[in-house]
Structure formats: C-alpha cells, structure tokens
Amino acid sequence: MDEDEWISSQALPTSTEKFVTVQGILDRNKLLINEINANQEAKCLEGLERNEKLIQELNNNIQQVVELYKELSTVLEQSMDPDLSNVMVRQ
C-alpha cells in the first residue's frame, strides 16, 4: 500500500469521524454556555446552583476536545510520514 492509499484508507475516515465528534461536543458546549449565561443573568438561586454542574460538564467537554485534537494531530502526522504508517492509530 503506498502513502496515498494509506491516507485514503486510514487518515481521512479517522479524521472525519473525530471532526464530527468534536463538532457535536462544540454544539453541546454552545448550549451549555447559553444556559449558564441565562442562569447568571436570572440570578435565581436554583439556576446559579445548576451552573456548577453545567460548568463541570463544559470543562469535561473541553478536555475531550483537546484529546480528540491530539489524536487528530497524530493521525495527520502519521499520514505525512510513511515510516509511521504501520503504527496503530487510537480510535
């Protein structure tokens, strides 16, 4: 298998899947941020207490996005270096 075939068969599908996952997380983060802002503006005790959980979820989501981008970086690096083409890509 030459380098172009490897990129097509491994890197692009893996990259696409990870980008779709990242986009889903970012969409969820947008909703979380909107709810956090609404709770902050309302200054209702229940909403402010809920913000603690929302902010924790937001933080966890951001950590997931960072990890996915690290994995994408590895996939793209391997696609550029044929010597790394046999290295297992974490999916």
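Up top you'll find the structure we're talking about.
From a predicted model like this one, the values you see are computed outputs, not experimental measurements.

Caption draft 1: View of the side chain of Ser-15. One can find Ser-15 in helix H1 (residues 3-42). Apart from the residues lying within four places of it in its own chain, the contact partners of Ser-15 are Leu-72, Val-75 and Leu-76.

Caption draft 2: Representation of a nonpolar patch on the surface. A contiguous nonpolar patch, built from Phe-19, Leu-26 and Tyr-69 and spanning about 280 Å² of accessible area, is present on the exposed surface. Tracing the backbone through its elements, the reader meets Leu-26 in helix H1. With a relative accessible area of 37%, Leu-26 lands in the partly exposed category.

Caption draft 3: Spatial organisation of the environment of Glu-52. Tracing the chain through its elements places Glu-52 in helix H2 (residues 45-80). For the pair Glu-52 and Ile-36, spaced 16 residues apart in the sequence, the C-alpha separation amounts to 9.0 Å.

Caption draft 4: Just the pattern of salt bridges, in detail. In total, this model carries four salt bridges according to the counting rule given. Lys-18 is the partner of Glu-71 in a salt bridge, and the nearest nitrogen-oxygen pair spans 2.7 Å. Separated by 53 residues along the polypeptide, Glu-71 in helix H2 and Lys-18 in helix H1 bring together distant segments of the chain. Residues Glu-71 and Lys-18 agree in their burial class; the two are buried. Residue Glu-57 pairs with Arg-28 through a salt bridge whose shortest N-O separation is 2.9 Å. One end of the pair, Glu-57, is in helix H2; the other, Arg-28, is in helix H1, with 29 residues separating them in the sequence. Judged by its relative accessible area of 34%, Arg-28 falls in the partly exposed class.

Scoring rules and cut-offs
- Here the residue numbers are simple positions, counted from 1 along each chain's written sequence.
- Only residues with pLDDT of at least 70 get local features here, since the model is predicted, and only at 80 or more are side-chain atom pairs given and counted; chain-wide, interface and lining totals rely on the full set of residues.
- The basis for every side-chain value is the complete set of non-hydrogen atoms in the structure, without hydrogens or water.
- Starting at the N terminus, helices and strands are each numbered in turn, a helix being any DSSP run of H or I of at least four residues and a strand any DSSP run of E of at least two.
- Contacts were defined at the residue level, with two residues in contact if any of their heavy atoms lie within 4.5 Å.
- Grouping into patches uses exposed residues only, defined as over 30% relative accessible area, and leaves out salt-bridged ones; the cut-off is 9 Å for like charges and 5 Å for nonpolar side chains (Val, Leu, Ile, Met, Phe, Trp, Tyr).
- Surface exposure here means Shrake-Rupley accessible area, sampled with a 1.4 Å probe, where a residue is shielded only by the protein chains that are shown.
- In what follows, salt bridge is the name for a side-chain nitrogen of Lys or Arg lying within 4 Å of a carboxyl oxygen of Asp or Glu.
- Each residue's exposure class comes from its accessible area (1.4 Å probe, protein chains only) as a fraction of the maximum for that residue type: buried when under 20%, exposed when over 50%, partly exposed otherwise.

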